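Observations on chain architecture
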Amino acid sequence: MTSHTLNLPVQLQQEAEKLATLQGISFDQFILWAVAEKVATLNQRNDDRTFPQITYVRGASGELIPVLRGTRLRVQTIVIATQKWGFSPNQIADEYDISEAQVNEVLAFYAAHSQEIDASIAAE
């Protein structure tokens, strides 16, 4: 393993040391664990660059869920509004206080990822 010097603000270091103690691990182990979690999270990004308004967030169950960026509005919610409730993109935009362009990007994302979204809808 490689050794690195870490310069943390005093208050952050004190908080991290307290949390490490509560976890029953060393400060070094705590930092290693924190960095490993961050790297794993960043490596799990599944964003489709074709759809910049769509991103993934981790749901309560731990699974990644596609949402409209900046809103936490799930893609499947908009798909259900279209398919099951018969809402138009304009109606959805009004209902959720988003633009019609955002609705159209969500629906385009759905067209490209329908198996994933349909499986999520079926699971619920």
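In what follows, the structure referred to is the one given above.
What you see is a predicted model; the values in this text were computed from it and never measured. Residue positions within a chain follow its written sequence, with the count starting from 1. It should be noted that, the model being predicted, local features are given only for residues of pLDDT at least 70 and side-chain atom pairs only at 80 or more, the latter also being counted only at that level, while totals for whole chains, interfaces and linings use all residues. To get the side-chain values, take all heavy atoms of the structure and skip hydrogens and water.

As for helix H3 (residues 75-83)
Side chains of residues three or four places apart in an α-helix project in the same direction, reflecting 3.6 residues per turn. The criterion, for reference: With a 1.4 Å probe rolled over the protein chains alone, any residue whose accessible area is under 20% of its type maximum counts as buried; one over 50% counts as exposed, and the rest are partly exposed. Helical segments are the DSSP runs of H or I of at least four residues, strand segments are the runs of E of at least two, and each set is numbered from the N terminus. Every residue pair with non-hydrogen atoms within 4.5 Å of one another is taken to be in contact.
Along H3, the residues that are buried comprise Val 75, Gln 76, Thr 77, Ile 78, Val 79 and Ala 81. At its buried positions, H3 is contacted by strand S1 (54-58), strand S2 (64-68), strand S3 (73-74), helix H4 (89-96), helix H5 (100-112) and helix H6 (114-123).

A short note on unusual backbone geometry
Of note, the phi angle at Arg 72 is positive, near 60°, even though the residue is not glycine. In this fold, Arg 72 is placed in the loop between S2 and S3. Residue Asp 97 is not a glycine yet carries a positive backbone phi of 55°. Looking at the element boundaries, Asp 97 is found in the loop between H4 and H5.

Comments concerning the pairing of S1
Filter applied, for reference: Any two strands with at least two DSSP bridges between them are considered paired.
Among the five residues of S1, four are classified as buried, and the element is accordingly described as predominantly covered. In this structure, S1 lies alongside S2, joined through five bridges in antiparallel fashion. What sits directly across from Val 57, in S2, is Ile 65. The turn joining S1 and S2, which pair antiparallel and follow one another in sequence, is formed by five residues; a positive phi near 95° is taken by Gly 62.

Some thoughts on the pairing of S2
Within S2, four of the five residues are buried, which leaves it mostly tucked inside the rest of the structure. The pairing of S2 with S3 spans two bridges and is antiparallel. Residue pairing across strands places Leu 68 opposite Leu 73, the latter belonging to S3. With antiparallel pairing between neighbouring strands as the criterion, S2 and S3 make up a hairpin whose turn holds four residues, including Gly 70 at a positive phi of roughly 80°.

Examining the sheet that holds S2
Taking strand neighbours across the sheet as the criterion, the three strands line up as S1-S2-S3 in an open arrangement whose pairing is antiparallel. Lying at the two open borders of the sheet, with one neighbouring strand each, are S1 and S3.

That's the geometry; what it means functionally is another story.
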